[in-house]
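# Close look at the chain arrangement
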Amino acid sequence: MKQYQNWLAQYLNCRRDNDHAMAAELAESICAFLLARGDKAEYAKWQKA
């Protein structure tokens, strides 16, 4: 879970700084993490990001 929180913080910083490529890469990492955990509801939300 700590890795997820780290990715989330980085994602939000990238969005704030308009670094869309890095934000998209982090969103993919978050999706993979959530899929591995079986959290389909959160996964669906992050797929949109």
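Described below are features of the structure shown in this document. All of these numbers come straight from a predicted model, not from anything done at the bench.

## Comments concerning unusual backbone geometry
- At N18, a residue that is not glycine, the phi angle is positive and equals roughly 60°.
- Locating N18 in the fold gives a position in the loop between helix 1 (2-16) and helix 2 (20-37).
- The class for N18 is exposed, based on a relative accessible area of 56%.

## A look at the nonpolar core
- Formed by 13 residues in total, the largest nonpolar core has its most connected members in Y4, Y11, I30, L34 and W46.
- Elements represented by at least two residues in this core include exactly helix 1, helix 2 and helix 3 (40-48).
- Top element by residues in this core is helix 2. It accounts for 7 residues.

## Comments concerning the pattern of salt bridges
- Across all of its chains, the model carries 2 salt bridges by this definition.
- A salt bridge links D17 to R16; the shortest N-O distance between them is 3.1 Å.
- Owing to a relative accessible area of 49%, D17 belongs among the partly exposed residues under this scheme.
- Among the residues examined, R16 registers a relative accessible area of 59% and is labelled exposed.
- Put simply, E42 and K45 hold a salt bridge, and the shortest N to O gap is 3.1 Å. Of this pair, E42 and K45 both sit in helix 3, 3 residues apart, roughly one helical turn.

## A short note on helix 2
- In this model, helix 2 (18 residues) spans 26 Å end to end at C-alpha, consistent with the 26 Å of a helix rising 1.5 Å per residue.
- Along helix 2, the residues that are buried comprise A23, L26, A27, I30, C31, F33 and L34. Looking straight down helix 2, one finds its buried side chains confined to an arc of 165°; they lie on one side. In helix 2, the exposed positions that point more than 90 degrees away from the buried face belong to A21, E25, E28 and A36.
- Packed against the buried residues of helix 2 are helix 1 and helix 3.

What counts and how
- Residues numbered from 1 in each chain as written.
- Predicted model: local features only at pLDDT ≥ 70, side-chain atom pairs only at ≥ 80, totals over all residues.
- Heavy atoms only, no water.
- Helix = DSSP H or I, 4+ residues; strand = E, 2+ residues; numbered from the N terminus.
- Buried < 20%, exposed > 50% of the residue type's maximum accessible area, 1.4 Å probe, protein only.
- Core = buried A, V, L, I, M, F, W, Y, C linked by side-chain atoms within 4.5 Å.
- Salt bridge = Lys/Arg side-chain N within 4 Å of Asp/Glu carboxyl O.
- Expected span 1.5 Å × (residues − 1).
- Arc of directions from axis to C-beta.
- Contact = heavy atoms within 4.5 Å.

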